[in-house]
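Each chain, written out:
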Amino acid sequence: MNLANFIVRKVAVLGAGVMGAQIAAHLVNAKVDVLLFDLPAKDGPKNAIAIKAIEGLKKLNPAPLGHPDLAAFIRPANYEEDLERLRDCDLVIEAIAERMDWKHDLYRKVAPFVRADAIFATNTSGLSIGTLAEGVDATLAPRFCGVHFFNPPRYMHLVELIATPATGPEILDRLETFLTTALGKGCVRAKDTPNFIANRVGTFGMFATVAEAAKFGLSYDVVDDLTGAKMGRAKSGTFRTADIVGLDTIGHVMKTMQDNLRDDPFAALYATPPDFATLIGKGALGQKAGAGFYRREGKAVLRFDPTKADYVPAGAKADETVARILKKKDPAERLKLLRESTNPQAQFVWAIMRDSWHYAACKLAEIADNARDVDLAMRFGFAASQGPFEAWQQAGWAQVAQWIRDDIAAGKAIANVPLPAWVFDGPVAERGGVHQPEGSWSASRGEFVARPAHPAYRRQLFPVTLAGENAPTGHSGGNTVFEDDSIRLWTAEGHGFDQVLIASIRTKVHAIGPGVIAGLLKAVDLAERQHRGLVIWSPDDPFSYGADLQAMLPVFMSGGAGAIGEAEKALQDAMLRLRYAQVPTVAAVANMALGGGCELAAYCAKRVAHLESYIGLVEVGVGLIPGGGGLAYGARRAAELHANAPDTYLLDFLKRYFMAAATAQVSRSAIEAQALGYLLDSDPIVFNRQELLYVAIREARSMSEAGWRPPRKSTFRVAGRAGVATISAQLTNMRDGGMISAHDYHLGRTIAEIMCGGDVDAGSMVDEEWIMALERKGFTSLLTHPKTQERIMGMMQTGKPVRN
């Protein structure tokens, strides 16, 4: 099977519920045509149910659509009138309610219309794929499998793939190719067991957390503070996460375990915890119901108190002594301190880690081919910084194994189930863990299993690695050309990638200060002399939070506004150096590109952006204006667009860029960044973060091979005084109507004067340096404004914008 020839042009999603509709949304994000099916409505249009679901996608937060307008590309359908349309689909995904009989009925109905070469997949979260396959006929069975998206599908990286004994060997390979590159997913192949891998281990972790919290007398808010970011997990912790997911949804997952794992040695723990049952019985299903473990009353956050059967004020935090232990960098020291502490919170943390590792080891052979699949499933599906096995291995395999065995013997463990023999004897014990450079331990095979040689992963120059694999990472891999505290200049190995220089910013939040500017200038010089292009990419997020305010403060204190003006001039000159470099410059953008980070991307010859790129000029939040060329970029782009549509008004194009800067708009996706004008329609959008560097290098090489030359320096038309007057009139109305403050008005007026070219006639021709000089003047004048200084100090002290 040539996987490169597998193209998904159109997908049918069966079921317009929460998951089905959001899977459809993510497909259209990726420019895949989608049919969204549901039952025919009893009243009104037959497609009313699907239409309502599509409209609902525009209102959800977080947004499942990269841009609300994409909803128009999801075509509604129903099972009564539209089954013939299934014949056009390359992939059919069933996502109806978790009822085996309903699914079988639907399979019988649609099977005659599924094309002979199409894949049919079920998005069940835990039902047996083999039993579901009994509902499809012999011709469809080889193309039937499980594809378990995590909710919400756009944002959750994990997709579990599950085959049946009849599934053709090429089917999962095809799906993995499509899901990995086109939809940006982290695919893990799971065995056909209840709840598969992530939900099996994750739900047990919730059972254990509830039990241990009760044992040690800890409230929900304290547990969430302990089990969130302090433990390298999702910051929402345990119970807030349950509220976000929905207690009814978790209840269904729990019931799957209860119904299908009655003989499991851990079965006694699978009973629905009383607090869950109480809240579900009250209809307090979490965020979607307005109440769950937590409830908001105005600005106050309350938590459910099971002893009072009512809500009480929340906000309790972990003990400082435990928080200090959790900050210890050495995993072995951290774990030893937790286990030996008499503090109930420390004992709780040790207990839930022990329980998780105990369970994962006991279930490895049953649920997964190897330990890598378990760890990646937990990382991708639960936003954990580490999976259970790699955390165990880093803390010292043999010592932790002995501690777990001792706790089991002492009756402290959550279940009296011995650890499997492979934990203590054989290659894992001898090598000190399940992850080794040659592969990860497979308990069912009794050997270390190498990573899959799937073609999709050739595009991941630095795939997600696990502790113990000792694989190169984007922080240290490749060949270093130059490095200091601010930047690393290097080249990747193989495939001709060494012809392109890579610049990776190293500062905190990749803030742009003098060291980064010097490094970028050095990178351009080196690239022009020795390479065919330059890519700006960092292995960790964000792309850049912009200018380094902390570095600017002493400059301002010692040299005043004039010194800041010189620093801004240096930043602007660096941007122009990137724009007019003699080799193609490519910004590989992911996560936040704010302020100077947005400007850095804009001044490159091309941008390659991950879908989850949040781009914007946000300086007004600290009472300033973009000073690194951002306003010059907007003015130039508006003029270029106007030049291609001479029958329109320049202000029609300029207003988009003005409003984005004046209101600090930040895109909620790379697709939205194109609509805002920060990305061009020709800038590729990459769905898999791990493929971003590969695509950026390929773009730089192809631009070079096509004979790329930098643009000529030229002048462009500005709106002048007339443009300033028009925008100012609108700002006045907003101020007088109470929509913006007086200082917001002042900032907006300053931005308008700069982007319109200053005190010049409408239609005057200026160049980038002209606008940049106006930027510097406006930026430095604002630094001495009391209202701006209030905003800067507020942001530096609290991390939140001040409205004044």
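Residues numbered from 1 in each chain as written. Predicted model: local features only at pLDDT ≥ 70, side-chain atom pairs only at ≥ 80, totals over all residues. Heavy atoms only, no water.

1. Description of unusual backbone geometry
Operational definition: In this description a helix means any DSSP run of H or I spanning at least four residues, a strand means any run of E spanning at least two, and both kinds are numbered starting from the N terminus. Summary of the burial criterion: residues with accessible area below 20% of their type's maximum are buried, those above 50% are exposed, and those between are partly exposed, where the area comes from a 1.4 Å probe applied to protein chains only.
In this structure, Pro 152 follows Asn 151 across a cis peptide bond, with omega equal to 0°. Within the fold, Pro 152 resides in the loop between strand S6 (144-149) and strand S7 (158-162). Of note, the bond from Asp 541 into Pro 542 is cis; its omega dihedral lies within 30 degrees of zero at 0°. Mapped onto the elements of the fold, Pro 542 is located in the loop between strand S18 (533-536) and helix H19 (549-579). Positive phi, normally seen in glycine, also occurs at Ala 383, with a value near 55°. Relative to the elements of secondary structure, Ala 383 occurs in the loop between helix H14 (371-382) and helix H15 (388-394). Ala 383 sits in the partly exposed class, given a relative accessible area of 46%.

2. Topic: the side chain of His 743
Note the cut-off: Note on contacts: a residue pair qualifies if any of its non-hydrogen atoms lie within 4.5 Å across the two residues.
Residue placement: His 743 occurs in helix H26 (residues 742-755). Other than its neighbours up to four places away in sequence, His 743 contacts Gly 623, Leu 782, His 785, Lys 787, Thr 788, Arg 791 and Asn 804.

3. Description of the sheet that holds strand S14 (residues 447-449)
Just so we agree on the cut-off: What makes two strands pair is DSSP finding at least two bridges between them. Comment: axis = line fitted to C-alpha atoms, over the contacting stretch for helices; angle = value between 0 and 180 degrees taken between N-to-C directions.
With respect to topology, three strands assemble into an open sheet ordered S12-S13-S14, the strand pairing being antiparallel. The open sheet has two edge strands with one neighbour each: strand S12 (435-436) and S14. Here two bridges tie S12 to strand S13 (residues 439-442), and the two strands are oriented antiparallel to one another. Pairing of His 435 across the sheet is with Ser 440, part of S13. Across the sheet, H14 touches S12, S13 and S14, and the angle it forms with S13 is around 105°.

4. With respect to the sheet that holds strand S3 (residues 74-78)
Strand order in the open sheet made by the eight strands is S3-S2-S1-S4-S5-S6-S7-S8, with mixed pairing throughout. The open sheet has two free edges, formed respectively by S3 and strand S8 (186-189), since each of these has just one partner strand. Along the sheet, successive strands turn relative to each other by an average axial angle of 25°, direction set aside. By the bridge criterion, four bridges tie S6 to S7 in an arrangement that is antiparallel. Paired with Gly 146 across the bridge in S7 is Ile 162. Of the strands in this sheet, strand S1 (10-14), strand S2 (33-38), S3, strand S4 (91-94) and S6 touch helix H1 (residues 18-29), which is tilted by about 170° from S2. Sheet contacts for helix H3 (residues 100-110): S1, S4, strand S5 (119-122) and S6; angle to S5, the most-contacted strand, approximately 165°.

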